[in-house]
Amino acid sequence: MRVLAFLDGSLADSGAAHLRVDDLGLLRGDGVFETILVADKKPRELRPHLDRLARSAAMLDLPAPDLAGFERAARAVIDGWQGGREIALKLVYTRGVDGDPAGTPTAFALGVEVDAKVLRAREDGVSVVTLERGFGPDVAEHAPWLLLGSKSISYAVNMAALREAARRGAQDVIFTATDGSVLEGPTSTVILAKDRTLYTPPSTIGILPGTTQYALFRGAEKAGWNVKVEPLAATDLARGDGVFLASSVRLVTRVHTLDGVALPDSTAVHQELAAIYESEYSG
Ligand code: PLP
């Protein structure tokens, strides 16, 4: 099941061609996107996702996106959806057609089913390897053209890292900086639980600020956990009560194995955090 909508709220055939071959999103990966979880017709963290889309667009010097239009397209996808209870809803915004004097961006919303691998990982957890990203934690501040911390559609490197993980017998990746600090996953935020405190690295080190991590920390604080946004060393990960990868569609996924070594069993912590996260959306 796939549902495609444009910013005027119109639905279109998701199996038909709509993009031009000279779209700069296609030719250069020049654009930004968001992936939002919709559960029971309700989009989660819609406003933070829209705000992040606008922030990413500004980092790429794209025109400010029509957020009301994106919201309209999102609603059209949700209303037109006849698949399962969850939708992975993508908002896509590219620089548009090469050489277009008007510079009109390409923009659409696409709802797809949640991948079976993701559903399995939610239940079973994942095995993860650390891979270096090749720069220090201070590069984002002095090299903004690297677009670190934007959700640009240039995810070829992130996908290559996942294939490298598969070659090493793992399912996911935690990127590290040259000083050994923890960055993020290719499509997730890293969270460490230790002594009733949740830790995640700050986005200033060149990572995407995660909406799922933010929602989890919000709920965890209400439930009596401490939360800290501060640099983490990769060597800290094995010394806590649990390591988790968080993102909109995977939710809070447990890491059971890190660099080939089984981590202490974090099933109970995972259950508690998953329940806290869900409680943000019940009622
Ligand atoms: N970091 C990266 C690089 C991502 O691609 C994602 C989501 O896909 C995240 C973090 C988590 O963000 P969110 O929780 O908003 O989905």
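What you see is a predicted model, and the numbers here were worked out from it, not measured in a lab.

Peer 1: Teacher, can you tell me more about helix α8 (residues 267-279) here?
Peer 2: Each full turn of the α-helix corresponds to 3.6 residues, which orients residues three or four apart in the same direction. The end-to-end C-alpha separation of α8 is 18 Å, in line with the 18 Å expected for 13 residues at 1.5 Å each. What α8 keeps buried is the set V269, H270, L273, I276 and Y277. Taken end-on, α8 shows its buried residues confined to a sector of 130 degrees, consistent with a single buried face. Of the exposed residues in α8, those oriented more than 90 degrees away from the buried face are A268 and Q271. Residues of α8 that are buried sit in contact with α4 (116-124), β9 (189-194), β10 (197-200), α7 (211-222), β12 (242-247) and β13 (251-258).

Peer 1: Is there a simple way to explain the site of the ligand in this structure?
Peer 2: Residues in contact with the ligand amount to 17 residues; listed here are only the nearest, R52, Y155, T211, T212 and S248. For the ligand, an oxygen atom lies 2.5 Å from a polar atom in the side chain of Y155. At 3.4 Å, a backbone N or O of S188 approaches a nitrogen atom of the ligand. Protein chains bury 95% of the 390 Å² of accessible surface belonging to the ligand in isolation. Of all the elements in the fold, those that place two or more residues in the shell around the ligand are α2 (46-59), α7 and β12. When the residues that make up the shell around the ligand are grouped by side-chain class, the tally is four nonpolar, 10 polar and three charged.

Peer 1: Teacher, can you tell me more about the sheet that holds strand β1 (residues 2-5) here?
Peer 2: Each strand in a sheet pairs with another by means of backbone hydrogen bonds, the pair being arranged parallel or else antiparallel. Reading across the sheet, the six strands line up as β2-β1-β6-β5-β3-β4 and stay open at both edges, with antiparallel pairing between neighbours. If you trace the sheet from one side to the other, it starts and ends with β2 (11-12) and β4 (42-43), each paired once. Pairing analysis gives seven bridges linking strand β5 (residues 86-94) to strand β6 (residues 106-112), with the strands arranged antiparallel. Looking at β6, one finds that K90 is bridged to L110. The sheet contacts of α2 involve β3 (31-39), β4 and β5, and relative to β3 the element is tilted by about 175 degrees.

Peer 1: I'm lost on the pattern of salt bridges in this one. Help?
Peer 2: Pairing of side chains with opposite charge becomes possible as their charged atoms draw close. For the structure on display, the rule yields 19 salt bridges. A salt bridge links R44 to E278; its shortest N-O distance comes to 2.8 Å. Here E278 lies in helix α8 and R44 lies in the loop between β4 and α2, a separation of 234 residues in the sequence. What makes R44 buried here is its relative accessible area of 8%. Relative accessible area serves as the criterion here: at 30%, E278 is assigned to the partly exposed category. Across the salt bridge formed by R196 and E272, the nearest N and O atoms sit 2.7 Å from each other.

Calculation rules
- Note that residues are indexed from 1 along each chain, following the sequence as it is written.
- This being a predicted model, a pLDDT of at least 70 is required before a residue's local features are given, and a value of 80 or more before pairs of side-chain atoms are given or counted; all residues contribute to the totals for chains, interfaces and linings.
- Side-chain measures here rest on the full set of heavy atoms in the structure, leaving out hydrogens and waters.
- The helix count covers DSSP runs of H or I at least four residues long, the strand count covers runs of E at least two residues long, and both are numbered beginning at the N terminus.
- Here, expected helix span is obtained from the residue count minus one, scaled by 1.5 Å.
- Burial classification: accessible surface area is computed with a 1.4 Å probe over protein chains only, and a residue below 20% of its type maximum counts as buried, one above 50% as exposed, and the rest as partly exposed.
- The arc in question is traced by the directions running from the helix axis to the C-beta atoms.
- Should any heavy atoms of two residues lie within 4.5 Å, those residues are counted as being in contact.
- We call a residue near a given molecule or strand whenever any one of its heavy atoms falls within 4 Å of it.
- Residues adjacent in sequence count toward polar contacts only when both atoms are side-chain atoms; beyond that, a polar contact is any pair of N or O atoms within 3.5 Å, and within protein one must be able to donate a hydrogen and the other to accept it.
- Accessible areas in this description were obtained via Shrake-Rupley with a 1.4 Å probe; residue shielding takes into account the shown protein chains only.
- Residues are grouped as follows: Ala, Val, Leu, Ile, Met, Phe, Trp, Tyr, Cys and Pro are nonpolar; Asp, Glu, Lys and Arg are charged; all remaining types, including Gly, are polar.
- Here, a strand pair is defined by DSSP locating no fewer than two bridges between the strands.
- Inter-axis angles, ranging from 0 to 180 degrees, are taken between N-to-C directions of lines fitted to C-alpha atoms, where helices are fitted over the stretch in contact.
- Salt bridges are defined by distance alone: a side-chain nitrogen of Lys or Arg within 4 Å of a carboxyl oxygen of Asp or Glu.

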